[in-house]
Amino acid sequence: MPQRRAITGRSQEPRARFAEELRLLRHGRGVSLRGVAEAVGWDASQFGKMENGHTLGGPEIVEALDQYYGTSGMLLTLWELAVADPTQFKERYRRYMVLEAEAVSMWQYSPSIVPGLLQTPEYAAESLGQGGLTGAELHRQVAARMGRREPLLAEGGPQFRALLSEAALRSPMSAPANWRAQLRHLLAMGGRANVTLQVQLLSAGLHGLPNTDAMFLRGSSGRTVAWVETGYSGELVQETQSVDLLQLRYDRVRDMALSPGASREFIERMLEEAPCDLST
């Protein structure tokens, strides 16, 4: 289907319209990408990617462009429409993968399942399979998830703190042997110098992240972004105020969680109680 055009001749697709406006504004100002970069303070290649539609950028860079071009929030409005477009999910996830691979430290809260970076291949396969994946695509997704663990396992890997809800540890796999292997894997990962595990008991009560799987990534520049996820979609949160609010909620959950030592003892008890066979 051809892209719809308005009377103005400009695109009605959010992503294309945003890129188009960026190009028109720069050409109207008569400046190069390098000139914009020098005035606004970001790398010229970033603006080139935004104008070509390869990336949408973050809210802070768009606000800076709004001020530079004097568009009184118009660019930020177009950016918000483009980000909200459901076709942008895949790009957001790809961007998250890059940020995760480059992170110097990570903090995660998982309300219902074992975090992806701490999953065994069998757990990943069963979890992804419950979402409808099968065959070659399931194998591909499992391999990709296992590949994400490599930076964490490498020498000098990033610091990783994971808060696991007790609910995640009381939701066993269909095969008892696989579940026991997953619990042993959690204990092994928790013994690494760069990994800290804490368990959030259900009895600790209400908190601010009841249904939000959240990962915070801090880059080498010191900037932190967040990825929040549900069972069917995810969102990369880059705006500083929103990240700060999420991290405040995370910190309060961490304050309510068991200490790393007590969390290890809890997981060990779960392993002791886990049946060796469904009939036992």
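In what follows, the accompanying structure is described.

Cut-off values and rules
Each chain carries its own residue numbering, running from 1 in the written order of its sequence. Reporting in this predicted model follows two pLDDT cut-offs: at least 70 for local features of residues, and 80 or more for side-chain atom pairs to be given and counted; totals over whole chains, interfaces and linings ignore these cut-offs and use all residues. Only hydrogens and water are set aside when side-chain values are computed; all heavy atoms of the structure are taken into account. Here a cavity means grid points, on a 1 Å grid over the protein atoms only, where a 1.4 Å probe fits yet cannot get out; a pocket means an open set of points with protein on both sides within 12 Å along at least five of seven lines; lining residues are those with an atom within 4 Å of a point. Grid points are joined across faces, edges and corners, and a volume is the space filled by probe spheres set on the points. Put simply, DSSP H or I for four residues or longer makes a helix, DSSP E for two residues or longer makes a strand, and each gets a number counted from the N terminus. Any residue outside Ala, Val, Leu, Ile, Met, Phe, Trp, Tyr, Cys, Pro, Asp, Glu, Lys and Arg is labelled polar, Gly included; the first ten of those are nonpolar and the last four are charged. Every axis in this analysis is a line fitted to C-alpha atoms, fitted for helices over the stretch in contact. Angles between the N-to-C directions lie between 0 and 180 degrees. When an angle is under 35 degrees it counts as roughly parallel; over 145 it counts as roughly antiparallel; between 65 and 115 it counts as roughly perpendicular; any other value is oblique. In a left-handed crossing the near helix is turned counterclockwise from the far helix by less than a right angle, and in a right-handed crossing that turn is clockwise. Here, residues are in contact when the closest pair of their heavy atoms is within 4.5 Å. Per-residue accessibility, obtained with a 1.4 Å probe over protein chains only, is compared with the maximum for each type, and a residue is labelled buried under 20%, exposed over 50%, and partly exposed between these values. If DSSP finds at least two bridges between two strands, the strands pair. Each Phe, Tyr or Trp ring, with Trp reduced to its six-membered ring, pairs with another whose centre is within 6.5 Å; inter-plane angles below 30 degrees give stacked pairs, above 60 give edge-to-face pairs, and intermediate values give tilted ones. Charge-over-ring placement is defined geometrically: NZ (Lys) or CZ (Arg) within 6 Å of the ring centre, and within 35 degrees of the ring normal. Residues belong to one nonpolar core when they are buried, are Ala, Val, Leu, Ile, Met, Phe, Trp, Tyr or Cys, and are joined through side-chain atoms within 4.5 Å.

### Comments concerning empty space enclosed by the protein
Then, in step 1: Summed over all chains, the structure comprises one cavity of 30 Å³ or more.
Then, in step 2: Its volume calculated, the largest cavity comes out at about 50 Å³.
Then, in step 3: Around the largest cavity, the lining residues are Leu22, Arg26, Leu33, Val36, Phe47, Met50, Glu51, Leu65 and Tyr69.
Then, in step 4: The set of elements that each furnish at least two residues to the lining of the largest cavity consists of α1 (14-29), α2 (33-40), α3 (44-51) and α4 (59-69).
Then, in step 5: For the lining of the largest cavity, the leading source of residues is α3, giving three residues.
Then, in step 6: Considered class by class, the residues forming the lining of the largest cavity number seven nonpolar, no polar and two charged.

### Points about the packing of α2 against α3
Then, in step 1: Relative to each other, α2 and α3 sit at 120°, their axes nearing to 8 Å. Taken together, the axes of α2 and α3 lie oblique to each other. The two elements α2 and α3 meet at a crossing, and its hand is right-handed. Mapping the contact onto sequence places Leu33, Arg34, Val36, Ala37 and Val40 in α2 and Ala44, Phe47, Gly48 and Glu51 in α3.
Then, in step 2: Considered class by class, the residues forming the contact of α2 with α3 number six nonpolar, one polar and two charged.

### Let's talk about α4
Then, in step 1: With respect to burial, α4 is a largely interior element, eight of its 11 residues being buried.
Then, in step 2: Of the positions making up α4, those classed as buried are Pro59, Ile61, Val62, Ala64, Leu65, Asp66, Tyr68 and Tyr69.
Then, in step 3: Glycine 70 lies just past α4 and shows a positive phi near 65°.

### Section: the sheet that holds strand β2 (residues 159-165)
Then, in step 1: Across the sheet, which stays open at both edges, the six strands sit in the order β3-β2-β1-β4-β5-β6 with mixed pairing between neighbours. Only two strands of the sheet have a single partner each, and these edge strands are β3 (195-200) and β6 (234-237). The average angle at which neighbouring strand axes cross in this sheet is 10°, direction not considered.
Then, in step 2: Bridge analysis of strand β1 (residues 105-110) against strand β4 (residues 213-218) gives five bridges, and the strand direction is antiparallel. Looking at β4, one finds that methionine 106 is bridged to leucine 217.

### A word on the side chain of serine 105
Then, in step 1: Among the secondary structure elements, serine 105 is positioned in strand β1.
Then, in step 2: Apart from the residues within four sequence positions on either side, serine 105 is in contact with Pro158, Gln159, Phe216, Leu217 and Arg218.

### Examining the packing of aromatic side chains
Then, in step 1: On inspection of all chains with the given rule, the structure shows four aromatic pairs.
Then, in step 2: Positioned above the aromatic ring of tyrosine 68, the side-chain terminus of arginine 29 is 4.5 Å from the ring centre.

### Looking at the nonpolar core
Then, in step 1: Ranked by size, the top nonpolar core spans 32 residues in total, and within it Phe160, Leu169 and Leu183 carry the most contacts.
Then, in step 2: Those elements that provide at least two residues to this core are α6 (89-102), β2, α11 (176-190), β3, β4, β5 (224-229) and α13 (260-273).
Then, in step 3: No other element matches the five residues that α11 contributes to this core.
Then, in step 4: Residue contacts for leucine 169: discarding those within four places in its chain leaves Leu164, Trp179, Leu183, Leu186, Val199, Phe266, Ile267 and Met270.

### What to know about the pairing of β2
Then, in step 1: Of all seven residues that make up β2, five are buried, and the element is covered over most of its length.
Then, in step 2: Note that β1 and β2 share six bridges and pair parallel. From the neighbouring strand, serine 110 faces β2, where its bridge partner is leucine 164.

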